[in-house]
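What follows is the residue order along each chain.
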Amino acid sequence: MTKAELVDQIAEKKPGLTRKEVENIVSTVLDSIKAALAREDKVEIRGFGSFRIRYRRAKDGRNPKTGETVSVPPKKVPFFKAGKEMKEMVDGKG
Amino acid sequence: MTKADIISEVFDRVGLPKQDAEELVEMILDTIKQALKQGETVKLSGFGNFVVRKKNSRKGRNPKTGQEIEITPRSVVSFRPSMIFKDHVLSSATTTE
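Residues numbered from 1 in each chain as written. Chains lettered and ligands numbered in written order. Predicted model: local features only at pLDDT ≥ 70, side-chain atom pairs only at ≥ 80, totals over all residues. Heavy atoms only, no water.

Asker: Teacher, can you tell me more about the interface of chain A and chain B here?
Answerer: A common way to report how large an interface is uses the accessible area buried once the components associate. On the side of chain B, 48 residues touch chain A, which itself brings 47 residues to the contact. Overall, the association of chain A and chain B removes approximately 4500 Å² of surface from exposure, summing both partners, and the carbon and sulfur fraction of that is 72%. Our enumeration of links across chain A and chain B arrives at three salt bridges. Of all the secondary-structure elements, those providing two or more residues to the side of chain A that touches chain B are helix H1 (3–13), helix H2 (19–38), strand E1 (43–45), strand E2 (49–56), strand E5 (75–82) and helix H3 (84–90) of chain A. Considering each element in turn, the side of chain A that touches chain B owes the most residues, 14 residues, to H2 of chain A. Considered class by class, the residues forming the side of chain A that touches chain B number 25 nonpolar, seven polar and 15 charged. (Contact = heavy atoms within 4.5 Å. Buried area = accessible area lost by both parts, 1.4 Å probe. Salt bridge = Lys/Arg side-chain N within 4 Å of Asp/Glu carboxyl O. Helix = DSSP H or I, 4+ residues; strand = E, 2+ residues; numbered from the N terminus. Nonpolar A, V, L, I, M, F, W, Y, C, P; charged D, E, K, R; others polar.)

Asker: What should I look at first to understand the pairing of E2 of chain A in this one?
Answerer: Look at any regular strand and the pattern is simple: side chains alternate between the two faces of the sheet. All names here are of chain A. Pairing between E1 and E2: three bridges, direction antiparallel. Bridge pairing links Val 43 to Phe 51 in E2. Where E1 folds back onto E2 in an antiparallel hairpin, the turn is made up of three residues, including Gly 47, whose phi is positive at roughly 85°. In terms of strand pairing, E2 meets E5 through eight bridges, oriented antiparallel. By the bridge assignment for E5, Arg 56 is matched with Lys 75. (Pairing = 2+ DSSP bridges.)

Asker: What am I meant to see in unusual backbone geometry here?
Answerer: In most cases, non-glycine residues show a negative phi, while peptide bonds are predominantly trans. All names here are of chain A. For Glu 40, which is not a glycine, the phi torsion comes out positive at approximately 60°. Its place among the elements puts Glu 40 in the loop between H2 and E1. The partly exposed category is assigned to Glu 40, whose relative accessible area is 28%. (Buried < 20%, exposed > 50% of the residue type's maximum accessible area, 1.4 Å probe, protein only.)

Asker: How do you make sense of the layout of surface pockets when you look at a structure like this?
Answerer: Quantified by volume, the largest pocket comes out at close to 680 Å³. Surrounding the largest pocket, 26 residues form its lining, Phe 79 and Phe 80 of chain A together with Val 76, Val 77 and Ser 78 of chain B being those nearest its centre. Within the residue set of the lining of the largest pocket, elements represented by two or more residues are E2, E5 and H3 of chain A together with strand E2 (48–55) and strand E5 (74–81) of chain B. Counting residues per element, the lining of the largest pocket draws most heavily on E5 of chain B, at eight residues. Here the residues of the lining of the largest pocket are counted per class, giving 10 nonpolar, three polar and 13 charged. (1 Å grid on protein atoms, 1.4 Å probe; cavity = no way out; pocket = protein on both sides within 12 Å on 5 of 7 lines; lining within 4 Å. Points joined across faces, edges and corners; volume = space filled by probe spheres on them.)

And the structure:
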């Protein structure tokens with residue numbers, strides 16, 4: 001399923017809203033999650049899961065082509081952990 | 001941030017009545033969950049992909065008793081953030097440590 005298909009499915013169930021409006025709402029939801037993680041906040045959605053930042057330490061890496069050692073700076077990456085209900089559903093128990 | 005905050009954001013930014021904002025947010029989350037339940041990958045451009053991965057059975061150990069147990073095969077959801085999402089988090093003003 002793509003974002004466009006997600007929007008279509010919801011627009012079909014909500015005839016009071018235009019496709020454009022639904023698209024706008026979906027984007028707002030995704031943007032608000034992104035913005036929260038950008039300010040190092042975490043997002044907890046019960047039954048769905050939680051999004052938070054994971055910190056990666058700086059490390060020495062190697063350029064695989066030249067074998068040269070390069071330092072890889074510390075990083076922050078988005079991380080998602082499925083909630084209980086989501087886990088059970090996907091595993092066929094929900 | 002919780003679901004209530006996401007609903008407020010939709011209410012503020014889209015101008016949808018609170019009750020509708022709530023219904024829509026629930027629908028979005030449910031639709032994604034239903035697709036994953038079917039084992040489908042959910043690709044949200046600019047955000048990331050939710051992928052269902054099948055895990056084989058493996059041996060585990062009860063950390064308390066040391067007893068060996070069989071971990072049954074299972075399906076799990078993993079999220080792969082998009083480049084845009086990763087860059088957004090990396091380039092944010094707040095600094096690490």
